[in-house]
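Architecture at a glance
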Amino acid sequence: MNQTATHTSTRFQAEPINLKNIQVQKLFMILFGLMAAVLVIPVILIIFTLLQKGGSAISWEFLTTFPSNGMTAGGILPALLGTVWLVAISLLASVPLGVAAAIYLSEYAPQDHWLTRVINLATINLAGVPSIVHALFGLGAFVAFFHLGTSILAASLTLAVMTLPVVIVASWESLQSVPFAFREACWNMGATRWQTIWHVVLPNALTGILTGIILQVSRAAGETAPIMFTGAAFFLPFLPSSVMDQTMALALHLFTISTQVPGVPEQIPFGVALVLFGIVLIINTCSIWLRMYLRSKKKW
Amino acid sequence: MSIPLEKASTLVAAGDVRNRDWYIDKLFHSFMFICGISAVIFVLGIFVFVFKEGSGFIIHQLDWAEFFLSPKWRPTSAIQASYGTLAMVAGTAAVTLISMAVALPFSFGAAIFIAEFARGKTREWLKVVIELLAAIPSVVWGFIGLMIMNPLIIDIFDVPIGLNVLNSGIILGLMAAPIITSIAEDAFKAVPDTYREAAEALGATKWQVIYKVVLPAAKNGLLSAALLGVGRAFGETMAVLMASGHALTIPGSVFDSIRALTATIAAELGETPVGSDHYQALFAIGIFLFSITFIINMTADLIVRGIKNQ
């Protein structure tokens, strides 16, 4: 009892300088909070504006019919399906390659080895290459050198190279988050490295890898520059029948009708933008939800 | 040839049995290695293929002084074609500068708020929304610049054209902000908590801790965040093509329309005959873009590695 009494009597008294410091701190907290808010407001404004101006264009018919009247009316079916084609094939190419590369970097690659460093640097650089340079690469390599022509395949492979770093980095992070003790326990039982990876590491990292793949989908769906010259067309009156055909794509369609075609009623490009952003938003929400679910499930 | 006794005994001791599992393991190891070096192959591939298409022009046609110092980009002129990129370089530089002026303060502020002030749900939500900002496709950004920002700028500043340096700078700033924020936040997180605790134990307020301890310790990380932001803004194509006005002038003010290096390739590549001088000149611009982003990324990595070695 006595102790407590002494403690309260000699309580810390805030001096003017302390009060001032606390006020300065509050001021900066509000300032930085507002700065963060400045980054949040555009997202809300954009969603609101697109919904308001493009919402009226969205209908079942809009999603399931061809553009008509020189793209000033009608729907977006070929662009929507084209984007699905492009994303699906780019996934087929980049996911096995990216996940395997991440497994090599995380499970096999010797640490602090020059080659490991070169691979890491290359991954960073690949992620930083401007999208239009990826387009030039796709044109030079896939369209011309490998004779794929301007086709869905060439465009998808260009997208795959472009989104590869996303898959590699996300998969690597999720493989690294599996505790090292899991691997050691497995090796001690006499398992080979590959058995350890297949039966222990991969199952535990799977959800995280999936998050990365989902993000890759969202990135690939929104890209325009890499597909412009490698396989996407401004307008095609038919649906692609094989991967060697050209296709329309949602992102390029938005560019076309908002800059190249005169006299398009305003709600159509807003509708296309809304569909494109909506797809990306839904995919990203799935990824975020999956990540939160994963974190709550984590047992270690 | 027999295995030396010494080595053989260690092999046996390590339980090296070359059965089916051993070979499967070796097989997968080789496969993963090949996939592992794919990123290196692609970076080299990009360089080789872009260079291959542009090399003829660079070796035989290119007048270096004209390429870098002349603002006249007249690739289709029948009388005298000229390939000067100065106006585009200036345009790209102006837009990148404005975008960083927009992005850096807000990104660093937001990163400080997320890393040092925000807790729990607020923090989670902020990170999610900023991630969504990063997810908006560049063509949607360009569309917003064209349809929303353009009339807004015309109204507010009373200028004839809203598609200019300011418009594309703001758009690119918002596009680069999430990346800068997330890397800057990582840099703050990398500062050990013991630094903060030591400062707080001396009676420092949170702001004093941030200003005097965390910021100096994280400065290299912030620098590399800024560099990667520059790289992002510099290499952006569709948004800047749609929002910058695409006019070949050296900008004198933020209300001038400009044309970016990336946008030039995107706008002209579709209309040039394969293999023509014009076509090759566009690939030469591609090599230039690739080299610059390569240097930016390497520098950012060196700075980050510098932190780790300290």
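A word on the overall build of chain B. Along chain B, the regular secondary structure elements total 13 helices and two strands. In terms of overall size, chain B is more extended than a compact globule, its C-alpha atoms giving a radius of gyration of 26 Å where 310 residues would be expected to give roughly 19 Å. With respect to the principal axes defined by its C-alpha atoms, chain B has extents near 80 × 65 × 30 Å. When burial is assessed residue by residue, chain B has 48% of its 310 residues classed as buried. The contacts of chain B with a sequence gap of at least 6 include a subset with a gap of at least 24, amounting to 72%.

This brings us to the packing of helix H5 (residues 86–117) of chain B against helix H8 (residues 165–189) of chain B. Residue and element names in this part refer to chain B. Taken N-terminus to C-terminus, the directions of H5 and H8 make an angle of 35°; their axes are 6 Å apart at the nearest point. By crossing handedness, the relation of H5 to H8 is classed as right-handed. Residues belonging to the contact of H5 with H8 are distributed by class as follows: 22 nonpolar, six polar and three charged.

Interface extent is often summarised as the accessible area lost during association of the parts. Under the domain assignment, chain B is made up of domain 1 (1–36) and domain 2 (82–309). Placing a centre on the C-alpha atoms of domain 1 of chain B and another on those of domain 2 of chain B gives a separation of 49 Å.

Here the focus is the confidence of the model for chain B. Looking at chain B, pLDDT values average 88 and 93% of them are 70 or higher. Here the predicted complex scores 0.88 on pTM and 0.88 on ipTM.

Let's shift gears to the interface of chain B and chain A. Residue-level contacts link 74 residues of chain B with 73 residues of chain A. Grouping the amino acids of the side of chain B that touches chain A by side-chain chemistry returns 49 nonpolar, 18 polar and seven charged.

A word on the environment of B:Asp186. The residue B:Asp186 is located in helix H8 in this model. With 70 residues separating them in the primary sequence, B:Asp186 and B:Glu116 have C-alpha atoms 12 Å apart.

Once that is clear, we can look at the nonpolar core. Grouped burial of nonpolar side chains is what soluble globular proteins tend to show. Counting residues in each nonpolar core, the largest one holds 195 residues, and the members touching the most others are A:Leu86, A:Leu250, A:Leu254, A:Ala273, A:Leu276, B:Ile171 and B:Ile180. The greatest single-element share of this core, amounting to 18 residues, is contributed by H5(B).

All names here are of chain B. Over its 25 residues, H8 extends 34 Å from the first C-alpha to the last, a length consistent with the 36 Å expected when each residue adds 1.5 Å. Where H8 bends most, at Ala-176, the angle is about 35°, and the proline Pro-178 comes one to four residues later. Most of H8 is tucked away, with 23 of its 25 residues classed as buried.

It is worth spelling out the domain arrangement of chain A at this point. Residue and element names in this part refer to chain A. With domains assigned, chain A is organised as domain 1 (18–57) and domain 2 (60–297). One C-alpha centre belongs to domain 1, the other to domain 2; they are set 30 Å apart. Taken together, the seven residues of domain 1 in the interface contact nine residues of domain 2. Here the side of domain 1 that touches domain 2 is built from residues that sort into three nonpolar, three polar and one charged.

This part covers helix H2 (residues 20–36) of chain B. Because an α-helix packs 3.6 residues into every turn, residues spaced three or four apart end up facing the same way. Between its terminal C-alpha atoms H2(B) stretches 24 Å, which fits the 24 Å expected from 17 residues at 1.5 Å a residue. Taken together, the buried positions of H2(B) are occupied by B:Phe28, B:Met32, B:Cys35 and B:Gly36. Across the axial projection of H2(B), the buried residues extend over an arc of 95°, all falling on one side. Away from the buried face of H2(B) by more than 90 degrees, exposed residues B:Tyr23, B:Leu27 and B:Ser30 are located. Of the surrounding elements, those touching the buried residues of H2(B) are helix H4 (77–108), helix H5 (114–128) and helix H9 (193–222) of chain A together with helix H3 (38–61) of chain B.

Definitions and cut-offs
Residues numbered from 1 in each chain as written. Chains lettered and ligands numbered in written order. Predicted model: local features only at pLDDT ≥ 70, side-chain atom pairs only at ≥ 80, totals over all residues. Helix = DSSP H or I, 4+ residues; strand = E, 2+ residues; numbered from the N terminus. Rg over C-alpha atoms; globule rule 2.2 N^0.38 Å. Buried ≥ 20, exposed ≤ 12 C-beta atoms within 10 Å, placed from the backbone. Contact = placed C-beta atoms within 7 Å. Axes fitted to C-alpha atoms, helices over the stretch in contact; angles between N-to-C directions. Left-handed = near helix turned anticlockwise from the far one by under 90°. Nonpolar A, V, L, I, M, F, W, Y, C, P; charged D, E, K, R; others polar. Domains from an automatic or database assignment. pLDDT = per-residue confidence, 0-100. Core = buried A, V, L, I, M, F, W, Y, C linked by C-beta atoms within 7 Å. Expected span 1.5 Å × (residues − 1). Bend = angle between axes of the 7 residues up to and from the residue. Arc of directions from axis to C-beta.

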